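Residue strings, one per chain:
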Amino acid sequence: MIQDPSLIVYEDVEGAPVRIGETVKIVSASSDGTLSRLFLGRTGVVVSLVFDDPAVQYPEDPLIQIRVEGVGEDLFFAEELELAPEWARRRISELRQSVRAAERRDPERMP
């Protein structure tokens, strides 16, 4: 039996370059060509931190799993991401709160 030493974390890690739930923009193509062009220039949300080699990567150098609405999820290096400006994060947060409030008021209308 082969054991996978990877560590996938779904909560904030002290010393990591991003926080779970933060809004980021995918800004640069990987030099090795592994970054999908579908994600380039889009804004997404941090959903997890992946440490393929925890002994070396933890906590400062995780792969960062990002969810982009309408595109999907993928893993990125910290240098491929840019934090969204504060005004954008605030606007997205307000939008999420209004959607949640609408779901609570009328749960039968939501899919």
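All values derive from a computational prediction rather than experimental measurement. (Residues numbered from 1 in each chain as written. Predicted model: local features only at pLDDT ≥ 70, side-chain atom pairs only at ≥ 80, totals over all residues. Heavy atoms only, no water.)

Caption draft 1: Here's a closer look at the overall build of the chain. On a plain count of helices and strands, the chain comes out with 2 helices and 6 strands. Put simply, the chain runs from its N terminus to its C terminus through helices and strands in the order β-β-β-α-β-β-β-α. Within the chain, the proportion of its 111 residues that are buried is 28%. Within the chain, contacts between residues at least 6 apart in sequence are counted, and of these 54% link residues at least 24 apart. When the accessible surface of the chain is totalled, it reaches about 7,800 Å², and 51% of it is carbon and sulfur. (Helix = DSSP H or I, 4+ residues; strand = E, 2+ residues; numbered from the N terminus. Buried < 20%, exposed > 50% of the residue type's maximum accessible area, 1.4 Å probe, protein only. Contact = heavy atoms within 4.5 Å. Areas by Shrake-Rupley, 256 points an atom, 1.4 Å probe, with all protein chains shown as cover.)

Caption draft 2: Broad picture of the nonpolar core. I26, V46, L49, I64, I66, F76 and L81 are the most contacted members of the largest nonpolar core, which has 16 residues in total. For this core, the secondary structure elements donating two or more residues are strand 2 (23–26), strand 3 (43–51) and strand 4 (63–68). When near neighbours in sequence (up to four residues on either side) are disregarded, V46 contacts V18, R19, I20, G21, E22, V24, I64, Q65 and I66. (Core = buried A, V, L, I, M, F, W, Y, C linked by side-chain atoms within 4.5 Å.)

Caption draft 3: Broad picture of the pattern of salt bridges. Across all of its chains, the model carries 1 salt bridge by this definition. Taking the shortest distance from any N to any O, the salt bridge between R67 and E73 comes out at 2.7 Å. Relative accessible area serves as the criterion here: at 42%, R67 is assigned to the partly exposed category. Take E73: its relative accessible area is 36%, and that puts it in the partly exposed class. (Salt bridge = Lys/Arg side-chain N within 4 Å of Asp/Glu carboxyl O.)

Taken by themselves, the reported measurements are silent on function.
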